[in-house]
Amino acid sequence: MGGLYNAPVAVEIRSQQGSVPSRGVLPGLVRSNPLFQVRLSMHRRLVPFVLAAALVPLSACGKAEDSVVNVYTHRHYDTDQALFDRFTELTGIEVRVVSASADELISRLEREGAASPADLLITVDAGRLHRALDRGLLQPVRSEVVNAAVPADLRDPDGYWVALTRRARVIVYRKDRVQPDEIPTYESLTDEQWLERIVARSSENIYNVSHLASLIAAHDTTVAEVWARGLAANFARAPQGNDTDQIRDVAAGVGDLALANTYYLARLLASEDPASRRVAESVGIVFPNQLGRGTHVNVSGVGITRYAPHPQNAQRLIEFLVGEEAQLAFARDNLEYPVRTDVPWPEILVGWGEFRADPLALNRLGELNNEAVRAFDRAGWR
Amino acid sequence: MALTRFSIPRFGRSRAEWQRRLRVTPWSFVAAVVALLLLLPIVSILTGLLGGGSETWVHLRGTVLPEIVWNSLLLVVLTGALTLALGIPTAWLVSTSEFPGRRIFEWALVLPLAIPTYIAAFTYAELFSHHGLLEPLFRLILPEAQVPQVRAAFMSLPGVAFVISVVLYPYVFLVSRASFLKQSGGVLETARTLGRSSWSLFFRVALPLARPGIVAGLTLVLMEVLNEYGAVKYFGVSTFTTGIFRAWFSLGDTPAALRLSAWLLGIILVLILLERSQRGRARFDDGSARPRPVPRVPLRRGMGFLAFAVCAIPLILGFVLPATQLLAWGLPLAGNVLNPRFLRLAANSFGLASGTAVVVVGLAVLLVYATRLSSSTWLRGLVRVSGLGYAIPGAVVAVGTLIPFLWLDRHIALGVRGWTGGSLGLILTGTLFALVFAYCVRFLAVALNPVEAGFQRVCGNLDESARALGASPLRTLLRIDAPLLRGTLLSAGILVFVDVLKELPLTLLLRPFNFDTLATRAFQLASDEQLAHSAIPALLILLVGLLPVLVLSRLSGSRSK
């Protein structure tokens, strides 16, 4: 800045002192010098061109096409992109994607209303699908293919959404410090013997919220709140990090127990990195509440938006995603449980075995979402 | 003019004074329109406040609000203190002393600016984990059992403040160095001959003179802190931003979220006004047209080593450590992850960031110059307020932008259909237009503050002389101010560039279909809990950001010749 700061100033001072100005701001000089006139008017003439040049590429991408399907998704997995590419290869329908958090995408859908370009909304949580449904953002999927592929409890009763994959929320324990039979249920996590032995992530996380919603459904709000407070009292440290961090911290001995979704541990087990595999091998998992209501299971799912411009294409994409090929890919590459019963599980999931899943209607997770968030706040689980 | 109602009536002014204050020139009119447009998203959000306190608000106030306020204030204080402590001494040393490594530190101390906060948070969490790069160090100084606990202790409010500070201190460093370099050697020498020691020279003369710049830099840091989301969320610290997300998205209560945003804006306004009123009528231009540079004092050996250490610490913490961790993650995976798609991502990021930088700096110059031309208070206030977008979390700005733009889109679409029968689609929100506009709302302050500080340093006499000699305001701007400010403008542009390059929530939400940037890619991998994979796009962000950051360092560091 400095050098530029000075040069013209010096010129002006000289001109004021009466020496011959070479270039300057004296109006007479500027007016009499055609060079300045040209340069100034050049500036003026260039401005619209520069603006236009900036705007052309901005508006060029708005072209309308019929062989496309527009997807709003919260699933940021590479598996999904590979499947979309495969769908395009099979059908010639281009899949266009905006990925962001489901909450924000729902907010965007609401604002867009009938003008929305989106055909499909994909979330990683049943509660969010229910929220979209609740706000009138979805339309029913009417497809025999889908109904045949996906069991009825993994679809909305009126067909507004369809699950793509399942994920179980399990208890992860450190093999050398805990016996699996010490933690038969989620409820047993509030026992005094786990004081300062549990690690958890923030209650802001949707997996935690939906889990607490399932507890509210199983008991009532008060019991769920007492549970959250009791669990928070057993924290080994303040809530932080993501699911993988909880597993790593259990392996490292920061705590002895954690709650996590199955595929995160499966991914560590399947990792190419030997250190990650060692982490995963030092912990075990329990599918809780096997003698009672069953383990909390959430789904990742999809719905057709109410104002979808390409509903047929959207339906074809859903049918593809619940088809055998895609379901196999979800299980094999992302290590989630497939929704189809006729697709083989990968070795790691087979190793963990079959389990009893909480049969709670998944829409309840959405209906109880607000209450769960508030219960967490009152319980002091941040 | 309806706009004149913005001024606050005061008594005891003459009629002429009133006329002068309320006059609307073409410049002030255009500037007011631009400022109001940029305020549109904020206003459309704030209209939600009219609804009255909802039940959610009562719940939040009773449970999390006290903690949120306390955490946010603590974060502001800690980060403010730490960035000043890292930024000012280093800036003073490299601009006024001569010691080993000075020439390298001069540019290298800016490098942390290229690292996005959320990536710094992830890498630091890894560094402090029991299997991170620092593990041998912890093993050395701590008992075995405590090593795994280090990370848990680090992931806390002071930890977040630390992480944010080590990557954001360059804002303070850049502006303070520029101010120190521009200070006239004459002033400092006068002070010295009057018997001031070098300590008191620094505290009583140099520091107060550099105040507008330092405050501008600090304001940027603090606003960035208040809207930080990724890092605080990962570290599990509840602040205003996480509170806003909780109310808006988890509880689905927009008015409650807006109420929180309004609180946040209120805090920031108070901070800004406090500083302004405390500054009073002091002027900071040096009066002389060509300040003589401050000569650098060579330091003795011991002091030289100390200076070296003082400068090396921020550089190691803010750049060397995180970059090493990213390399350690990224290198083994480079073969798997790096493909031609990344070239496309890098091109998207670069194009978007540079285009936005040009637009934002242009707007900032327009606004500041119009304020300078008119003496009206209402315009000054309006321009000041239009920079507030920087303090609002990106996702909130995004939704605020969608509200008016979708309305416009709908009416344009209806108009086009009625006129030609064809369909145009969403030409504003379906394209990069809305995204770039939202960036303008969000990052105007980044350009506004340095441009304003720059104009303050251009002696008003120059403008007045040019105008007295008959040059139009536009000609004065192009022929006098623009050349004088070229460096400032370029620096401001680069700051915006780097910010856009790193920006996340807004980009995620407003980008058109199939438009990915390095930041969105890094985030996708990180939120999928594949941190090691996200190191590759993160490193690319660093690479793309590095060159402009170095240019920036050169620019703001060039001495008066």
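Residues numbered from 1 in each chain as written. Chains lettered and ligands numbered in written order. Predicted model: local features only at pLDDT ≥ 70, side-chain atom pairs only at ≥ 80, totals over all residues. Heavy atoms only, no water.

Enquirer: Got a minute to help me understand the overall build of chain A in this structure?
Expert: Looking only at helices and strands, chain A features 17 helices and 10 strands. Burial status across chain A gives 58% buried among its 382 residues. Nonlocal contacts in chain A, meaning residues at least 24 apart in sequence, comprise 77% of its contacts between residues at least 6 apart. Just so you have it, chain A exposes about 15500 Å², and 54% of that area is on carbon and sulfur atoms. (Helix = DSSP H or I, 4+ residues; strand = E, 2+ residues; numbered from the N terminus. Buried < 20%, exposed > 50% of the residue type's maximum accessible area, 1.4 Å probe, protein only. Contact = heavy atoms within 4.5 Å. Areas by Shrake-Rupley, 256 points an atom, 1.4 Å probe, with all protein chains shown as cover.)

Enquirer: Explanation requested: the pairing of strand E3 (residues 120–123) of chain A in the structure shown.
Expert: Walk down a regular strand and you will see the side chains alternate between the two sheet faces. All names here are of chain A. Of the two faces of E3, the one holding Leu120 and Ile122 and the one holding Leu121 and Thr123 are both buried throughout. Two elements, strand E1 (residues 68–73) and E3, share 3 bridges in a ladder whose sense is parallel. The residue bridging threonine 73 from the neighbouring strand is isoleucine 122, located in E3. Taken together, the 4 bridges between E3 and strand E9 (residues 297–305) define a ladder with antiparallel strand orientation. The residue of E9 that forms the bridge with leucine 121 is glycine 303. (Pairing = 2+ DSSP bridges.)

Enquirer: When you look at the environment of B:Asp253 in this model, what are you seeing that I'm missing?
Expert: Residues and elements named next belong to chain B. By the element assignment, aspartate 253 lies in the loop between helix H14 (240–250) and helix H15 (254–279). Taking the C-alpha atoms as reference, aspartate 253 lies 35 Å from histidine 533; in sequence the two are 280 residues apart. Contact partners of aspartate 253, with chain neighbours within four places excluded, come to Ser54, Thr56, Ala247 and Trp248.

Enquirer: Which parts of the structure should I look at to understand the environment of B:Ala216?
Expert: All names here are of chain B. Locating alanine 216 in the fold gives a position in helix H12 (residues 211–226). Since its relative accessible area comes to 11%, alanine 216 is described here as buried. Distance from alanine 216 to isoleucine 45, taken between C-alpha atoms, is 26 Å for residues 171 residues apart in sequence.

Enquirer: Can you help me understand the environment of B:Arg192 in this one?
Expert: All names here are of chain B. Structurally, the position occupied by arginine 192 is in helix H10 (residues 185–193). Note on arginine 192: relative accessible area 41%, which makes it partly exposed. In this structure, the C-alpha to C-alpha distance between arginine 192 and glutamate 464, residues 272 residues apart in sequence, is 34 Å.

Enquirer: Can you walk me through the pattern of salt bridges in this structure?
Expert: Two side chains with opposite charge may pair up if their charged atoms get near one another. All names here are of chain A. All told, the structure shown has 33 salt bridges over all chains when counted by the stated rule. Across the salt bridge formed by glutamate 336 and arginine 75, the nearest N and O atoms sit 2.9 Å from each other. Of this pair, glutamate 336 sits in the loop between helix H14 (324–334) and strand E10 (337–338) while arginine 75 sits in the loop between E1 and helix H4 (78–91); the two residues are 261 residues apart in sequence, bridging distant segments of the chain. Given a relative accessible area of 0%, glutamate 336 falls into the buried group. Overall, the relative accessible area of 3% leaves arginine 75 in the buried class. Of the charged contacts in the structure, one is a salt bridge between arginine 340 and glutamate 324, with a shortest N-O distance of 3.9 Å. (Salt bridge = Lys/Arg side-chain N within 4 Å of Asp/Glu carboxyl O.)

Enquirer: Even after reading the chapter, I still don't get the nonpolar core, so can you show me in this structure?
Expert: Nonpolar side chains in soluble globular proteins generally cluster together in the buried interior. A:Trp227, A:Leu317, A:Leu321 and B:Phe235 are the most contacted members of the largest nonpolar core, which totals 306 residues. The element that contributes the greatest number of residues to this core is helix H20 (residues 432–457) of chain B, accounting for 17 residues. Residues within four places of A:Trp227 in sequence aside, it is in contact with A:Tyr186, A:Glu187, A:Leu189, A:Thr190, A:His211, A:Leu212, A:Leu215, A:Leu259 and A:Trp381. (Core = buried A, V, L, I, M, F, W, Y, C linked by side-chain atoms within 4.5 Å.)

Enquirer: Explanation requested: the packing of aromatic side chains in the structure shown.
Expert: All names here are of chain B. As enumerated under the stated definition, the model contains 31 aromatic pairs over all chains in all. Seen from their ring centres, tryptophan 27 and tyrosine 369 are 5.1 Å apart, and the 80° between their planes marks the pair as edge-to-face. Highlighted residues: tryptophan 27 in helix H2 (residues 26–46) and tyrosine 369 in helix H17 (residues 340–373), separated in sequence by 342 residues. You can call tryptophan 27 buried: its relative accessible area is 18%. Tyrosine 369 gets classed as buried once you look at its relative accessible area, which sits at 1%. Measuring from ring centre to ring centre gives 6.0 Å for tyrosine 124 and phenylalanine 154, while their planes differ by 35°; the resulting arrangement is tilted. Remark: phenylalanine 154 occurs in helix H8 (residues 149–154) and tyrosine 124 occurs in helix H6 (residues 117–127); sequence separation between them is 30 residues. (Phe/Tyr/Trp six-rings, centres within 6.5 Å; stacked < 30°, edge-to-face > 60°.)

Enquirer: Teacher, can you tell me more about a nonpolar patch on the surface here?
Expert: Taken together, B:Phe29, B:Val30, B:Val33, B:Leu37 and B:Leu40 make up a surface patch of nonpolar side chains, about 370 Å² in accessible area. The residue B:Val33 is located in helix H2 in this model. (Patch = residues over 30% accessible without salt bridge, like charges linked within 9 Å, V, L, I, M, F, W, Y side chains within 5 Å.)

Enquirer: What is the right way to read the side chain of A:His296 from this model?
Expert: Inspection of the secondary structure assignment puts A:His296 in the loop between strand E8 (283–286) and E9. Filtering out sequence-adjacent residues up to four positions away, A:His296 remains in contact with A:Arg167, A:Ala168, A:Arg169, A:Tyr186, A:Ser210, A:His211, A:Ser214, A:Asp358 and A:Leu365.

Enquirer: What exactly am I supposed to notice about the packing of helix H5 (residues 102–112) of chain A against H14(B) here?
Expert: How two helices sit against one another is set out by the angle between their axes and by the gap between those axes. For the pair H5(A) and H14(B), interaxial distance at closest approach is 10 Å and the crossing angle is 55°. Classified by the angle between their axes, H5(A) and H14(B) sit oblique to one another. In the packing of H5(A) onto H14(B), the handedness of the crossing is left-handed. Taking contact as the criterion, the partners of A:Asp103, A:Glu104, A:Ser107 and A:Arg111 in H5(A) are, on H14(B), B:Phe245, B:Trp248 and B:Phe249. Within the contact of H5(A) with H14(B), the residues separate by chemical class into 3 nonpolar, 1 polar and 3 charged. (Axes fitted to C-alpha atoms, helices over the stretch in contact; angles between N-to-C directions. Parallel < 35°, antiparallel > 145°, perpendicular 65-115°, else oblique. Left-handed = near helix turned anticlockwise from the far one by under 90°. Nonpolar A, V, L, I, M, F, W, Y, C, P; charged D, E, K, R; others polar.)

Enquirer: I'm lost on the confidence of the model for chain A in this one. Help?
Expert: Parts of the model with low pLDDT should not have their predicted coordinates read in detail. When the pLDDT values of chain A are averaged, the result is 84; 83% of them are 70 or greater. Predicted confidence is poor over residues 1–64 of chain A, with pLDDT under 50, and the contacts of this stretch with residues over four places away or in other chains come to 67 contacts. (pLDDT = per-residue confidence, 0-100.)

Enquirer: Would you mind showing me how to read unusual backbone geometry here?
Expert: What you tend to see is this: most non-glycine residues have negative phi, and most peptide bonds are trans. Positive phi is not limited to glycine here, since A:Glu196 has a value of about 55°. Checked against the element boundaries, A:Glu196 lands in the loop between strand E5 (162–174) and strand E6 (198–199).

Enquirer: Mind showing me how you'd approach the pairing of E8(A) here?
Expert: Residues and elements named next belong to chain A. Of the two faces of E8, the one lined by Val283 and Ile285 and the one lined by Gly284 and Val286 are each fully buried. Note that E5 and E8 share 4 bridges and pair antiparallel. Across the sheet, residue tyrosine 173 finds its bridge partner in E8, namely glycine 284.

Enquirer: Would you explain the packing of H14(B) against helix H19 (residues 394–420) of chain B in this entry?
Expert: Residue and element names in this part refer to chain B. Look at H14 against H19: their axes get within 10 Å of each other, and the N-to-C directions meet at 45°. With respect to H19, the element H14 is oriented oblique. Where H14 approaches H19, its residues Ile244, Phe245, Trp248 and Phe249 are matched on the opposing element by Ala395, Val396 and Val399. Considering only residue class, the contact of H14 with H19 consists of 7 nonpolar, no polar and no charged.

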